[in-house]
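Spelled out, the chains give:
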Amino acid sequence: MPQPLQRERPDRSPARGASNFQPRYLGAPAGEDPTAAANALFHSELAAAAPPAQLGADDIVFGHMITRRQFFGFARYAERMAARRAQLVLLLRYEPAHYDHPLSDEAAKRLQAAFSRGVRIRLASDSARLADQFERLYGLPVEVLPIPHTGRLTATAVPSAEGRPLHVVSLGNARDEKGLLDLFDVVRILHLRGDLDRFRFSFQVNDPTPLLVPAITQFAAERHAAVRLIHAPLESEAYYGLLQDADIVALPYWRSIYEARTSGVLLEALAAAKPVICTADTWMSDQVEATGAGRVAPDRNPTALALALMECARDYERHAAQAAAAAGSWVATHNPQSFAAALINGAAARPRARKLHAAVLYPWGDGLQRSSGASQRVNSLIDLLAETAAEVRVLQDTRHPPVRRGNVVWEATPVLERASADPARQAQARRWAALGVKNDEDIYLRLADAAAHDAGLAARIDHLVRSSDIVFVEYPFWAPLVAAAARRHGRPWVVTAHDILSDQVKRSPAWLRWATRRMELAGLRAADHVATLSVEDAQRLTAWGVPAEPIEVGLDTAAMRPLPADVRPLVDALCGLPADDLPLLLFVGSRYGPNQRAAEALRAMAPSLRARRALSWSAPAPSLRPAAPSPRWARWMNSPCGCFTRPPPWFWRRWRRARALRSRRSTLWALARPC
């Protein structure tokens, strides 16, 4: 089945003003920032058309659908406005990415300063989701204005679906983020299932983006009799006629763009009392679920979209009746009169039951795979946050496109990869190697140094910190960047010390251990709070002047319960062991170097303990994941073991202490205590 086409999201933010305005700022001189040029020109023209000094107390300056090309210009204009006189209302209708620019940050600061001295500044949006996001970004209250729907369509009587195919329409010009390719796949799925005769489809495909043209051509060549492709733009009467004739309006818009943005097509559909199929966890789904007028489907999932369409068709009369019942209140809220009243007098207060937005910064690249102890621990934290947070955004050091899993978004930036290609960082690595660094033990310093010289990482961290309520940082490598961003935006943050990193420097010269300790302590001291995975690490850090709180990793004890049946023969068969009654020792750990050396040591100790052999497992056992059920094999492996051990953070400290006892038997019990 064809996959949705991927492309870079275009910048759709240029202002639409007078005909002699747009070419001037788009044609900014070479070397000049076009955003800065656009704002300068916009401010000069706005100040000339409506001089701030001439504004009266009842005047309103309304900035409609502004982007980063006008935001700073409006902020400069606000600085010239008198306190407690005219109002400046700025409507922010696009997602925050349309405002990403240093000038937008400066504009927010200037608007805050003008607001503090009494200038009547009002930020507004038409989406409660966008309002929440902009309040976190810019530190000013954001109200939600009604949408001025013109009321051209009115609800009609609920039609019967008996004996006729339901008419499904997709309206608007052909853009990939509107889910057109997913709708093509829905038609194919219904055709394969033999259910296509239950529907007829009308898809607007006019003005397609270049990457969509081949897909539209291929789909047209399939010649589905139940599908009508509309290649020409529709005049208003034809558009409203098509909407009026529809039974279901399909809006499978990409969540990456429409998570918080409003949709004019959805507005028209609900006003016309049409059931809607739309993408889950978006502003559109909020409206559909509140009214019951349709179904929602997961983002960019044609199979789920086809099932949602079938479910809506099976209970069409109920959905249509709910849409008809909700249309009246919808139009009563969203109309030109209510919009004008809210613009003049202020919008009604909205509920403030906003959930937490959290950011997690993870400096390795295995977070999605859960392939190490650190990734298991950070995923446990993420799972816990996801239960109550509105959204959790995770940034890790690797390269992959954003991945959304529920309300968790995984993002990536290849910090170490960029540093490895930097000649200055390469030269530094050669100098350290010449100074006696062994076993790659300078990795911690290299990670911190790579972060300190990565402007792209600094920008990503600043954006994450600014748009979050709290920030969790794993390891201290990125701590200086987080500390700077947290000070700028007033956000609390916590850093987790998984280990005492300088203790891992064992075979290299003393200067490397000293430099590593200096780096990690500096990063930890900058944090608001420090957590460790063991009491001993917390005590050591506190003694060094870094107050820390131990939060030990828990186990899913329910998953570790013994099985009622004797599974020892099954374990012997799985592992190729001889059948006898000698005790079995199980070691669980990742392929991290110290874990592999510990496993070899335990194998060597097994004969002296009268154990048949020490069995090592080369990947983390799922039974060690807190609050996660264990696969059956993990319980099989754990049940027959007379001793179970894993390498906790204090592993090597006890190893050195036990080695001093000169006893191999004492060494094992020091490591595995209690058994």
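Residues numbered from 1 in each chain as written. Predicted model: local features only at pLDDT ≥ 70, side-chain atom pairs only at ≥ 80, totals over all residues. Heavy atoms only, no water.

1. As for the nonpolar core
What counts here: Here, nonpolar core refers to any group of buried Ala, Val, Leu, Ile, Met, Phe, Trp, Tyr and Cys residues whose side-chain atoms link them within 4.5 Å. Any residue under 20% of the maximum accessible area for its type is buried, any over 50% is exposed, and the rest in between are partly exposed; the area is computed with a 1.4 Å probe on protein chains only. Secondary structure elements are taken from DSSP: a helix is a run of H or I of four residues or more, a strand is a run of E of two residues or more, and numbering for both begins at the N terminus. We call two residues contacting when some pair of their heavy atoms lies within 4.5 Å.
Counting 63 residues, the largest nonpolar core has Leu-361, Ile-461, Trp-478, Trp-493 and Leu-541 as its most contacted members. Here the element with the most residues in this core is helix α18 (residues 443-452); it accounts for 7 residues. In this structure Ile-461 touches Leu-361, Leu-395, Trp-478, Leu-481, Val-482 and Ala-485, once residues within four positions along its chain are discounted. Ala-174, Ala-215, Leu-229 and Ile-248 belong to the second largest nonpolar core, which has 36 residues in total.

2. Notes on the sheet that holds strand β16 (residues 493-497)
Applied cut-off: Strand pairing is assigned whenever DSSP detects at least two bridges linking the two strands. A fitted line through C-alpha atoms represents every axis, and for helices the fit uses only the stretch in contact; the resulting angles, taken between N-to-C directions, go from 0 to 180 degrees.
Read across the open sheet, the 8 strands follow the order β13-β14-β12-β11-β15-β16-β17-β18; overall the sheet is mixed. Every interior strand has two partners, whereas the edge strands, β13 (403-405) and β18 (549-550), have only one. Two strands pair when backbone bridges link them, and strand β15 (residues 470-474) and β16 are joined in this way by 4 bridges, in the parallel orientation. Bridging from a neighbouring strand, Glu-474 pairs with Thr-496 of β16. Sheet contacts for helix α19 (residues 455-466): β11 (357-362), β12 (391-396), β14 (408-412) and β15; angle to β12, the most-contacted strand, approximately 165°. Docked against the sheet, helix α20 (residues 479-489) engages β11, β15 and β16, running at close to 165° with respect to β16.

3. Things to note about the side chain of Lys-274
So the rule is basically this: Lys and Arg are tallied as positive, Asp and Glu as negative. Neither His nor the chain termini are counted. One side-chain nitrogen of Lys or Arg within 4 Å of one carboxyl oxygen of Asp or Glu is enough to make a salt bridge.
Relative to the helices and strands, Lys-274 resides in the loop between α10 (264-271) and β9 (276-279). With no salt bridge to any partner, buried Lys-274 finds its closest opposite charge in Asp-247, at an N-O distance of 5.8 Å. Those residues in contact with Lys-274 that sit more than four places away from it in its chain are Leu-243, Gln-244, Ala-246, Val-249, Ala-269, Ala-293 and Ala-323.

4. Overview of the confidence of the model for the chain
Rules: Residue-level confidence of the predictor is summarised by pLDDT, bounded by 0 at the bottom and 100 at the top.
Model confidence for the chain is summarised by a mean pLDDT of 81, while 80% of its residues fall at 70 or above. Considering only residues more than four positions removed or in separate chains, one finds that residues 1-30, a stretch of pLDDT under 50, has 58 contacts. Considering only residues more than four positions removed or in separate chains, one finds that residues 659-675, a stretch of pLDDT under 50, has 31 contacts.

5. Thoughts on the sheet that holds strand β5 (residues 166-170)
Within the open sheet, the 6 strands sit side by side as β7-β6-β5-β8-β9-β10. Their pairing is parallel. With partners counted over all chains shown, the strands left at the sheet margins are β7 (227-230) and β10 (294-297), one partner each. Adjacent strand axes in the sheet meet at a mean angle of 20° when their direction is disregarded. Of the strand pairs in this sheet, β9 and β10 are connected by 4 bridges, and their pairing is parallel. Its bridge partner being in β10, Cys-278 is matched across the sheet by Val-296. Here α10 sits on the sheet in contact with β8 (248-251) and β9, set at roughly 160° to β8.

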